[in-house]
Structures are given as C-alpha cells and as structure tokens.
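# Examining the three-dimensional arrangement
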Amino acid sequence: MPPVIEVRNLHKRYDDKIAVDDVSLTVQAGEIFGILGPNGAGKTTTVECIEGLRVPDRGEIRVLGLDPLHDRAELTRRLGVQLQAGHLPDRLQVAEALELYSSFYPEPADWRALLDGLGLTDKAKTRYAKLSGGQKQRLSIALALIGSPKVAILDELTTGLDPQARRDTWDLIEGVRSRGVTIVLVTHFMEEAERLCDRLALIDAGRVVMVDTPTGLTERARIEQRIQFRPSRPMDDHLLTSLPDVSSVTRRGELVIVTGNDNALNAVTGVLARNQIVAERLRVEQASLEDAFVRLTGRRPEPGHR
Amino acid sequence: MSALRTAPPPVTAERSSATWRLIKAESTLCVRDKVGPLWGIGFPLILLIVLGSVSDLREPVADAGGLTYFDLYVPVLILFNLAILATASLPTTLAGYRENGVLRRMRTTPVGPARVLAAQLVANFVIAVVAMVLFIAVAGLGFGVGLPKHLPGFALAWLLAAAALLAIGLLITALAPGRGAATAIGTVLFFPMMFFAGLWVPISQMPPLLRNIAHYTPLGAGMGAFQDAYLGHFPSAVPLLTLAAYAVACAFVAVRWFRWE
C-alpha cells in the first residue's frame, strides 16, 4: 500500500530563521504517527506544510497522493485538521459550529454523535467564547473529524485538558483509528506519545533525529537501567562491579544503586541469589520516553506539558 | 460512525447548502453582535422619531428644492446606517476573524475563507435593506414623508451607496493590522463621513468649499443622489459615478491587499 503521507527533504525558512531544515518522513495507512520534539523544533511548520497552509521553500509532499498546494480543494475534503489555535467566532454556538462545518464536506459524519462522543452534548447551545479551554479543544477535535477524513492531523491534541478529559480523548482517538483513519499527532506530551503512537518522528532544530516506535526510540537512546535495593546483609561492591552488564555501583546510606544495561537486573539478582543476599526494597527504574527525549535532543520538554 | 454518514449529496447542492448555511450563520452572528442592529438600526430609528417630533424641522431648507430639514434627515439616516455597517460592524468582525484564526481555520476546509467574507457582506447588506425599508416606512407612515419620487433612481443610488460603503468596510479590514486598529480606523472615518452627509448641517447650508468637498465624499455623493431621487429626478451622473468609483477602487485595493492571516 502506498504511504498516506510522504514528506521528502522539506525545507522552510521564515525571514532569517530556518524553521524546518530537512525533514523527511512517511506515514502509513491506519497508523497513529507522532511528531515529537521541543518547542520551536519545526513540528507545527512541518504539519502546516502538509496541510497546505504554508508553502515550503524546498522538498516534496504527497498526502493521499495529492499535492497539498496544487490539489488543495481535493485535499481539504479528505484531510481533517486541528490547528494549534483553531478558533471560531465568539458568538457561534457549539451545535451551530458543528452543523455549519458538516455542511462543508461531501460525506460528513453525524455531528450529534461526535458531540456525544466528546461529551459536549450539554454544551450544544453554549457560545464558543463561553467554553472552557478543554471544551474548546474537544470542539476543535470534533471539527477535525466532522468531514469523515481519511487522514487527520491533530496539533497539540490534549494541551489544556484535565487528566480525565485527556484519557477520554485518547480513547476517542484510538476509536477513530480503529475505523481506519490515519492520524498524525503533534505533541510534546510524552505519556500521550507513548500511549497512542505506533511510530514517532523525533524532530529537533528542524531535522528528524530518528523515527521509531516509542519502545524502539527509548531503546535506541541507550539509557541505562537503575536498580536500587537494600542488601539483607553486608556485601562487597566487587560482587556487582565484576559483572559485565553493570556499569556502576554506588551507595547511599544502606542502599546500593546499580546502573547497567538491559541485562543488569538479571545479572544482579543472579549474583545476589547465589550469595544468599535478599534485595530488600528493590526498585527498578526503566528509561522512559522522556529520558530518551532528553538524551536524544539534549533538552528538557518544556514545563507545563508533562 | 460510517453507519451514521449521510448519503453524499450532489456537489452543487453541497456547495449551495454550505454557502447558504454560512450566510445564515453570519447573519445570526451579526444580530448577536448587536453593533449592526443597535447602532445601525435602533439608534438612527430613535433619532428619526425624535427629529420627526420637532416641529421646527418641518421648515423647508433653502436651496433644497422645497424639502424640509426632516425630509433631508430620512436619507441622512439611511446613510448613517450604511456608515455604521461599513465602519464599525463589518471591519471589526472580519479583522477579529483574521486575528482569532477563524479565516485560517476556514482555509483547511473545502469551503475556504473567501466565502466567509461573502457571507458577512450579504449579512450586512440584508441589515441595510431592512433598515432602509424601515426608515422610509416609519418616516412615511408616522410623519408623512413621501417616498422618493423617482423610485428606480433611488434604488440605484442606494445600491451604489451600499456597494461603496461595504467596499470601504473591506478596505478598512484589509489595511488594519488587527481588530483594535480596524475599530479605530472605522471610528475616525465615521464622523467626517457623516459630517459630509449633512448629519449636522445640510450640505446646501455648508460654505462653498465644504460643499464642494462633500460632493466627492462617499456619503456626500450618496446624499446628492438621494436628494435628486426624492425631488423626482433620476440622480445626476456625478454622484452616481463618484459612488461607483469608490466601490470599484476600494474593492480593488481591498482584494489586492487582503491578508487571510
């Protein structure tokens, strides 16, 4: 099957700032593809070029075989878009907005069902300006899905949502995907990327650092495991430092802290068992996607989006 | 969801229904916005009724072909309505749409942002028609002011005036960087335009220099054309051409310079 979205060597510069330096990526049918990266990495510019809202300086883009600029009319019918700051007239009511937008598309989804699915039914008569941030966000998701798109690009899907609404939204997105819609998700929210995305492109400074599954990305960051325990009787550090899978052993009070590769835990528990030492208060810290993010971009994800 | 999908309607039906719904939505929004209905219809209507009750204004104005001060106020207030829509209602709304990303969001739909503009123009046009009919009816039924004696001439003059004013509204939208600036430009333009329509002093009572300027302002030209129609002549060429020139020039510049974001 040909890819749903194909971006090759995309380059976009604003005045003297290069927003996207060289981005290539391929999105397959039916997957949830995440675009992850720090602020200003070029994520939004990349998707805006895919949506045809911006004209790339260089590079080639195909969405469902269409050129976003030349085949604009056809693309808008098949592509659902949620903009980072997608707005509606202040005095337009929720139901009016959905009804209006559904009239724009040849095969609209049932807007009442969408309203219900996003928990906005009791806000149907509320004006846009009176909605909370989370409700506005949910409405913009509904508007992205109203045309029954084949592909949906969602920019900052759950920013501004409370944890419960965030989880509900994730369920909704998984439901949309299970109906065969390909989804591109721009995010810097690690938990969201880990939970939802089949594959991720990590973008930094306008370039794709790597594309992989969330697990693969974490593995490729080669972040060591951290094992922490209290030995049931005194022990010599040498028992552990001699293990090839272990890279360091430190002590904090009565705690022993071991770092090492993926096999370190097996090796450590094996040695302890052979020496009849029980590892009390054992804790193992796996590298998270966030650790991988920091390792691979050398940056912390911006605060407020964790 | 696919089970809930409606059957795809024919393309032409889809187009017209989207346009129609946009016009409906924009008209509803204009009414909720209150600037058009309140300042464009309510305020001039009250002014009309108040002025109609002042007997001193029933004196004929010198050099106005026998029309009284109050007779002249009817077309002035019709122009007042157009001026409010063009300088306050339309640019503030559209510049707000641009500032808030409404137009940008529309760019990602099959319908596109140009039709939002068109729908706003239609909505304001409808409000203007309602106001014009209402003012003439109230002036006629309540205060005995006759209809314009040359109706087709009046209709043509009104259409050209509406086109000129809406084009000016679009021009303000195109040139203003934001909603605040659009409101400011609109307000600054409103008062001189209304002055030259004769809101405070009838044009025929102005000093010659101001009178000459008035003839070439949009509302002064509109007033000249209306006055001709009220007196029973087809409006003369100069005011009609002046209005048409404003409409074409402003619309051209607005379209050239319009920014969607």
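Definitions and limits used
- Residues numbered from 1 in each chain as written.
- Chains lettered and ligands numbered in written order.
- Predicted model: local features only at pLDDT ≥ 70, side-chain atom pairs only at ≥ 80, totals over all residues.
- Heavy atoms only, no water.
- Helix = DSSP H or I, 4+ residues; strand = E, 2+ residues; numbered from the N terminus.
- Buried < 20%, exposed > 50% of the residue type's maximum accessible area, 1.4 Å probe, protein only.
- Contact = heavy atoms within 4.5 Å.
- Buried area = accessible area lost by both parts, 1.4 Å probe.
- Salt bridge = Lys/Arg side-chain N within 4 Å of Asp/Glu carboxyl O.
- Polar contact = N/O pair within 3.5 Å; in protein donor to acceptor, adjacent residues only side chain to side chain.
- Axes fitted to C-alpha atoms, helices over the stretch in contact; angles between N-to-C directions.
- Parallel < 35°, antiparallel > 145°, perpendicular 65-115°, else oblique.
- Left-handed = near helix turned anticlockwise from the far one by under 90°.
- Nonpolar A, V, L, I, M, F, W, Y, C, P; charged D, E, K, R; others polar.
- Core = buried A, V, L, I, M, F, W, Y, C linked by side-chain atoms within 4.5 Å.
- Expected span 1.5 Å × (residues − 1).
- pLDDT = per-residue confidence, 0-100.

The helix and strand tally for chain A stands at 11 helices and 13 strands. For chain A, the C-alpha atoms occupy an extent of roughly 75 × 45 × 40 Å along the three principal directions. A buried classification covers 52% of the 306 residues belonging to chain A. Within chain A, contacts between residues at least 6 apart in sequence are counted, and of these 67% link residues at least 24 apart.

With 29 residues of chain B at the interface, the matching set in chain A holds 35 residues. Between chain B and chain A lies a buried interface of about 3,100 Å² when both sides are counted; carbon and sulfur atoms form 56% of it. Joining chain B to chain A, the criterion identifies 4 salt bridges. When the shortest N-O distance is used, the salt bridge between aspartate 33 of chain B and arginine 91 of chain A registers 3.3 Å. Here chain B and chain A share 9 residue pairs in polar contact (both at pLDDT 80 or more) between them.

A few words on the packing of helix α6 (residues 151–175) of chain B against helix α10 (residues 237–257) of chain B. Residues and elements named next belong to chain B. Two elements in contact, α6 and α10, have axes separated by 8 Å at closest approach and are oriented at 30°. Regarding the angle of α6 to α10, the classification is roughly parallel. With respect to the hand of their crossing, α6 and α10 are arranged in left-handed fashion. Contact residues: Leu156, Ala157, Leu160, Ala161, Ala163, Ala164, Ala167, Ile168, Leu170, Leu171, Ala174 and Leu175 in α6; Leu240, Leu243, Ala244, Tyr246, Ala247, Cys250, Ala251, Val253, Ala254 and Trp257 in α10. For the contact of α6 with α10, the residue count by class is 22 nonpolar, no polar and no charged.

Once that is clear, we can look at the nonpolar core. With 139 residues, the main nonpolar core has Leu98, Phe104 and Leu139 of chain A together with Ile78 and Met194 of chain B as its most contacted residues. The element that contributes the greatest number of residues to this core is helix α3 (residues 69–99) of chain B, accounting for 18 residues. Residues in contact with leucine 139 of chain A, not counting those within four places in the same chain, are Leu88, Val94, Leu98, Leu120, Tyr128 and Leu131 of chain A. By size, the runner-up hydrophobic cluster in this structure holds 29 residues, among which are Val4, Leu10, Val27 and Val81 of chain A.

The next point concerns the pattern of salt bridges. Within this structure, the stated rule accounts for 22 salt bridges over all chains. With its nearest N and O atoms 2.5 Å apart, the salt bridge here joins arginine 54 of chain A to glutamate 48 of chain A. Taking the relative accessible area as the measure of exposure, glutamate 48 of chain A reaches 8% and is therefore buried. Put simply, Glu48 and Arg54 of chain A together with Arg104, Arg107 and Glu261 of chain B are held in one network by salt bridges that share partners.

Residue placement: alanine 237 of chain B occurs in helix α10. Taking the C-alpha atoms as reference points, alanine 237 of chain B and alanine 225 of chain B, separated by 12 residues in sequence, lie 8.7 Å from one another.

Residues and elements named next belong to chain B. Under the 1.5 Å per step criterion, the end-to-end length of helix α7 (residues 179–197) is 26 Å for 19 residues, consistent within 8% with the ideal 27 Å. Every buried residue of α7 is listed here: Ala182, Gly186, Phe190, Met193, Met194, Phe196 and Ala197. Of the surrounding secondary structure, the elements contacted by the buried residues of α7 are α3, α6, α8 (208–215) and α9 (218–231).

With that settled, the discussion passes to the confidence of the model for chain A. Across chain A, the average pLDDT comes to 88, with 96% of residues at or above 70. The spread of mean pLDDT over the elements of chain A runs between helix α11 (residues 289–297) of chain A, the lowest at 77, and helix α3 (residues 94–102) of chain A, the highest at 95.

Moving on: the confidence of the model for chain B. Chain-level pLDDT for chain B is 90 on average; 94% of the residues reach the 70-or-more range. Every residue in residues 1–13 of chain B is under pLDDT 50, and counting partners more than four places away or in other chains gives 13 contacts.

Turning next to the side chain of arginine 104 of chain B. With respect to the element layout, arginine 104 of chain B can be found in helix α4 (residues 102–107). Only 2.8 Å separates the side chain of arginine 104 of chain B from the side chain of glutamate 261 of chain B, close enough to count as a polar contact. Other than its neighbours up to four places away in sequence, arginine 104 of chain B contacts Glu48, Leu53, Arg54 and Leu83 of chain A together with Trp260 and Glu261 of chain B.

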